[in-house]
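Each chain is listed here by its residues.
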2 protein chains.
Amino acid sequence: MKLSLVIVILATWTPCSIAHGWAAEPLPSWNDGPSKDAIVQFVQRVTRKGDSDFVPPSERIAVFDNDGTLWAEQPMYCQLAFALDHAKALAPLRLEWKGKQTFQAVLEGDLETVLAGGKHAVFEVVVASHAGNTTAEFAQIVKDWLAKARHPTTGRAYTEMVYQPMLELLDYLRANDFKTYITSGGGVEFMRAWAEEIYGIPPEQVIGSSIKTKFELRGGKPVIVRLPEIDFINDQEGKPVAIHKFIGRRPLAAFGNSDGDLPMLQWTAAGDGPRFCLYIHHTDAEREWAYDRGSHIGKLDKGLAAAREHGWTVVDMQRDWNVIFPPQQR
Amino acid sequence: MKLSLVIVILATWTPCSIAHGWAAEPLPSWNDGPSKDAIVQFVQRVTRKGDSDFVPPSERIAVFDNDGTLWAEQPMYCQLAFALDHAKALAPLRLEWKGKQTFQAVLEGDLETVLAGGKHAVFEVVVASHAGNTTAEFAQIVKDWLAKARHPTTGRAYTEMVYQPMLELLDYLRANDFKTYITSGGGVEFMRAWAEEIYGIPPEQVIGSSIKTKFELRGGKPVIVRLPEIDFINDQEGKPVAIHKFIGRRPLAAFGNSDGDLPMLQWTAAGDGPRFCLYIHHTDAEREWAYDRGSHIGKLDKGLAAAREHGWTVVDMQRDWNVIFPPQQR
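Residues numbered from 1 in each chain as written. Chains lettered and ligands numbered in written order. Predicted model: local features only at pLDDT ≥ 70, side-chain atom pairs only at ≥ 80, totals over all residues. Heavy atoms only, no water.

**Describing the overall build of chain A**
A count of helical and extended segments in chain A gives 15 helices and eight strands. The C-alpha atoms of chain A give a radius of gyration of 21 Å, which matches the 20 Å a tight globule of 330 residues would have. In chain A, which comprises 330 residues, the share counted as buried stands at 55%. A sequence separation of at least 24 residues applies to 66% of the contacts in chain A between residues at least 6 apart. Total accessible area computed for chain A in this model is approximately 14,700 Å², and 54% of it derives from carbon and sulfur atoms. Distance between charge centroids for chain A: 5 Å, based on 35 positive and 41 negative side chains. (Helix = DSSP H or I, 4+ residues; strand = E, 2+ residues; numbered from the N terminus. Rg over C-alpha atoms; globule rule 2.2 N^0.38 Å. Buried < 20%, exposed > 50% of the residue type's maximum accessible area, 1.4 Å probe, protein only. Contact = heavy atoms within 4.5 Å. Areas by Shrake-Rupley, 256 points an atom, 1.4 Å probe, with all protein chains shown as cover. Lys, Arg positive; Asp, Glu negative; His and termini not counted. Charge placed at Lys NZ, Arg CZ, Asp CG, Glu CD.)

Listed below in structure tokens is the structure:
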């Protein structure tokens, strides 16, 4: 083997594409068609050295909504199921909840009454059930719950209700030196407890809603305690604000599925040079769920209009994905 | 060249150590002695595969205070100099400041009166001078100012008032797969405007104090506007809270120079397994400044006691650094 050949190997050797094994065909769960083409063409365009649209790796930031974009959000957000279960477990210990209608309903498993209380009641349950412990304790509670909880209609673990095509997309982008972020309305500490294992997204790349926390020394040992007070709601206009706050630069690509993601996509699209915005449209009532304009969860109305107006990619789940969920593990 | 040799090259080829040129001797601006030894020994300990103290790269998080730790903070924080200069430039346009004593003093360059107003007055000037524009505009204002501003005693650009030994330390840690973060009381958007160029620290790894921002569409174009309202003060107990919020895992190593960094060092040190905490002690009145317990800026009192108690590394600038600032560039 000649030295020149060695140099060629060193220059062209891309460990990631070999490790992921899809150098030949990326995104196998995506059917050939306009959505897959748009993704691949965009990635090639910004990663081809010498191309006028080339973007240096440090600026390849991709942001993903979570609920309905990376995993299923029907018939109820996973985190709400967690909050209800955990609040029920906590209720006997939280004497201050006694007599309060919402918490009484939680204790009795009366979901209808909880939901009838509207956003305010649901919020109250989520905040109350998520506070009062240290950050380390909370992460363990989430992990323990996820290990046992099962999705109400499929009976699968929630962590198996992730979209296989999106797992492949995350891998594909990372292999092309994108930094992949979650920017979700869900609780940041709820997601961080499992996002690295399930999505390969480390805690520092998970942005979400948060409650306030406090540092204190307990018997000389430092702990961070979770307080029953909202810090930030990462939804709608909050998403670009949080992206700017946590990442400090504009994403190159943004992926969402609801009107709550629209400001994030607008912010992304308005950057100079090439940008990529994609909406997932839930169109597959048989293999997943079909919903958009009329849905309370993951309502997609203005977003569809904006996508049409700006030429963003809209994934038709039924048409574009040959697999929805990964194979069952147990 | 034989194939086996090629494989050896591929297996041992570490681009970073070659690029940085200190494969033979890391940290050249650090004198041999206990501080340098402690750093090198810690890094070797957590990066040696098979060692019981080995830490996977994804968990190698190192956090650095900025003022007084990565660059000089005497005789006045750089950002305060910026705030005063910028407020002075803004004053004629901000009619609402007219007649207010603090802003009148700013306009007249009367620093004494501003400082006599105490923390509150200084804060008022910083917030007022930092708000009211878009995030993109503000970043440009900072860059323009830094290009022209000069340090009051050395006459050098502020970006040349960085510590050469700390630049080498950042490089050394990154070459060993550490992710290096700034966690400073300074304004996050002030630092992000230059941290990548000067320290090699990208915006998403800069954590600081912040004011609130708001997303809005201006004539259909999305902007993020900076509001005159404090969002978060990243000092004292705020530092571990922000580390948890932005990074979501406990650092492996923490570097500071004042009591304001103590909770961050305590939080770091309290983690399981090997941790590294280091204080920089300003002991060199000739080449830099000498200050600790009695200083209003960068007061170091409780931190020194904690370092002694817990066996943390304390850098004696005079003894440990053979160079303080990088060579003059212009």
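**Some words on the environment of G186(B)**
Residue and element names in this part refer to chain B. Inspection of the secondary structure assignment puts G186 in strand β2 (residues 179-187). Assessed through its relative accessible area of 6%, G186 is described here as buried. Remark: the alpha-carbon pair of G186 and S210, spanning 24 residues in sequence, is separated by 8.4 Å. For G186, the residues in contact, after removing those within four places along its chain, are D67, Q79, M191, G208 and S209.

**Thoughts on the side chain of T135(B)**
Looking at the secondary structure, you find T135(B) in helix α8 (residues 135-148). Residue T135(B) is classed as buried on the basis of its relative accessible area of 6%. Each residue touching T135(B), except ones within four places of it in the same chain, is listed here: H244(A), W267(A), E189(B), I224(B) and R226(B).

**So, the packing of helix α3 (residues 34-47) of chain B against helix α9 (residues 164-175) of chain B**
Packed helix pairs are specified by the crossing angle of their axes together with the interaxial distance, meaning the distance between the axes. Residues and elements named next belong to chain B. Two numbers describe how α3 lies on α9: the axes approach to 11 Å, and their chain directions differ by 15°. Relative to α9, the element α3 is oriented roughly parallel. Pair α3 / α9 crosses with right-handed handedness. Here I39, V40 and V43 of α3 lie close against α9, whose contacting residues are L169, Y172 and L173. (Axes fitted to C-alpha atoms, helices over the stretch in contact; angles between N-to-C directions. Parallel < 35°, antiparallel > 145°, perpendicular 65-115°, else oblique. Left-handed = near helix turned anticlockwise from the far one by under 90°.)

**Thoughts on the interface of chain A and chain B**
Taken together, the contacts link 39 residues of chain A with 39 residues of chain B. For the pairing of chain A and chain B, the buried interface totals around 3,500 Å² over both sides, and the portion due to carbon and sulfur atoms is 61%. When the area that chain A buries against chain B is broken down by residue, the three leading residues are E204(A), F215(A) and K245(A), summing to 18%. Connecting chain A to chain B are eight salt bridges. A salt bridge links R249(A) to E196(B); its shortest N-O distance comes to 3.3 Å. Along the contact surface separating chain A from chain B lie 20 residue pairs in polar contact (both at pLDDT 80 or more). If you list the elements that add at least two residues to the side of chain A that touches chain B, you get α1 (3-12), β2 (179-187), α10 (188-192), β3 (206-218), β4 (221-232), α12 (238-246) and α13 (262-269) of chain A. Within the side of chain A that touches chain B, the residues separate by chemical class into 22 nonpolar, seven polar and ten charged. (Buried area = accessible area lost by both parts, 1.4 Å probe. Salt bridge = Lys/Arg side-chain N within 4 Å of Asp/Glu carboxyl O. Polar contact = N/O pair within 3.5 Å; in protein donor to acceptor, adjacent residues only side chain to side chain. Nonpolar A, V, L, I, M, F, W, Y, C, P; charged D, E, K, R; others polar.)

**Brief notes about the packing of aromatic side chains**
Residue and element names in this part refer to chain A. Per the counting criterion, the structure on display carries 31 aromatic pairs over all chains. Taking the centre distance of 5.3 Å and the plane angle of 45° together, the rings of F82 and F190 count as tilted. With a gap of 108 residues between them, F82 in helix α4 (residues 78-90) and F190 in helix α10 connect regions that are remote in the sequence. Here F82 matches F190 in class, with each residue buried. Grouped by ring-pair contacts, the aromatic residues W71, F82, F138, W145, Y158, F190, W194 and Y199 constitute a single cluster. Above the plane of the ring of F232 lies K245, whose end atom (NZ or CZ) is 5.3 Å from the centre. (Phe/Tyr/Trp six-rings, centres within 6.5 Å; stacked < 30°, edge-to-face > 60°. Lys NZ or Arg CZ within 6 Å of the ring centre and 35° of its normal.)

**Description of the pattern of salt bridges**
Evaluation of the coordinates by the stated rule reveals 38 salt bridges over all chains. A salt bridge links E204(B) to K179(A); the nearest nitrogen and oxygen atoms lie 2.8 Å apart. One end of the pair, E204(B), is in the loop between α11 (195-199) and β3 (206-218); the other, K179(A), is in strand β2, on a second chain. Given a relative accessible area of 8%, E204(B) falls into the buried group. Salt bridges here are not isolated pairs; linked through shared partners, they connect K179(A), R249(A), E196(B) and E204(B).

**With respect to the environment of L93(B)**
Among the structural elements, L93(B) can be located in the loop between α4 (78-90) and α5 (101-107). Sequence-wise, L93(B) and P165(B) are 72 residues apart; in three dimensions their C-alpha atoms are separated by 43 Å.

**Looking at the relation of the copies chain A and chain B**
Taken as rigid bodies, chain A and chain B are interconverted by a rotation of 180° and an axial shift of 0.0 Å, the fit giving an RMSD of 0.0 Å. The transformation just described matches what one would write down for a two-fold rotation axis. Relative to the rotation axis, the C-alpha of F246(A) is the closest in chain A, positioned 3.3 Å from it. Here 100% of the contact residues of chain A are again contact residues in chain B; the copies associate through an equivalent surface. (Least-squares fit on C-alpha atoms with pLDDT ≥ 70 in both.)

**Focus on the side chain of T183(A)**
All names here are of chain A. Examined against the element boundaries, T183 turns out to sit in strand β2. Relative accessible area serves as the criterion here: at 1%, T183 is assigned to the buried category. If near-sequence neighbours (up to four positions away) are discounted, T183 is found in contact with V63, F64, D65, I207, N234, K239, I243 and M264.

**Some remarks on helix α13 (residues 262-269) of chain B**
Taken across its eight residues, α13(B) has six buried, putting it largely inside the fold. Listed in full, the buried residues belonging to α13(B) are L262(B), P263(B), M264(B), L265(B), W267(B) and T268(B).

**Examining helix α7 (residues 118-130) of chain B**
All names here are of chain B. The end-to-end C-alpha distance of α7, which contains 13 residues, comes to 19 Å, matching closely the 18 Å that a straight helix rising 1.5 Å per residue would cover. Among the residues of α7, A121, V122, V125, V127, A128, S129 and H130 are the ones counted as buried. Elements that come into contact with the buried residues of α7 comprise α4, α5, α6 (111-116), α8, β3 and β4 (221-232). (Expected span 1.5 Å × (residues − 1).)

**Thoughts on the confidence of the model for chain A**
Residue and element names in this part refer to chain A. Predicted confidence across chain A gives a mean pLDDT of 91, with 92% of residues reaching 70 or more. Ignoring residues within four places in sequence, the model shows residues 1-22, a span with pLDDT below 50, making 23 contacts including any to other chains. In the model output, the complex is listed with pTM 0.90 alongside ipTM 0.89. (pLDDT = per-residue confidence, 0-100.)

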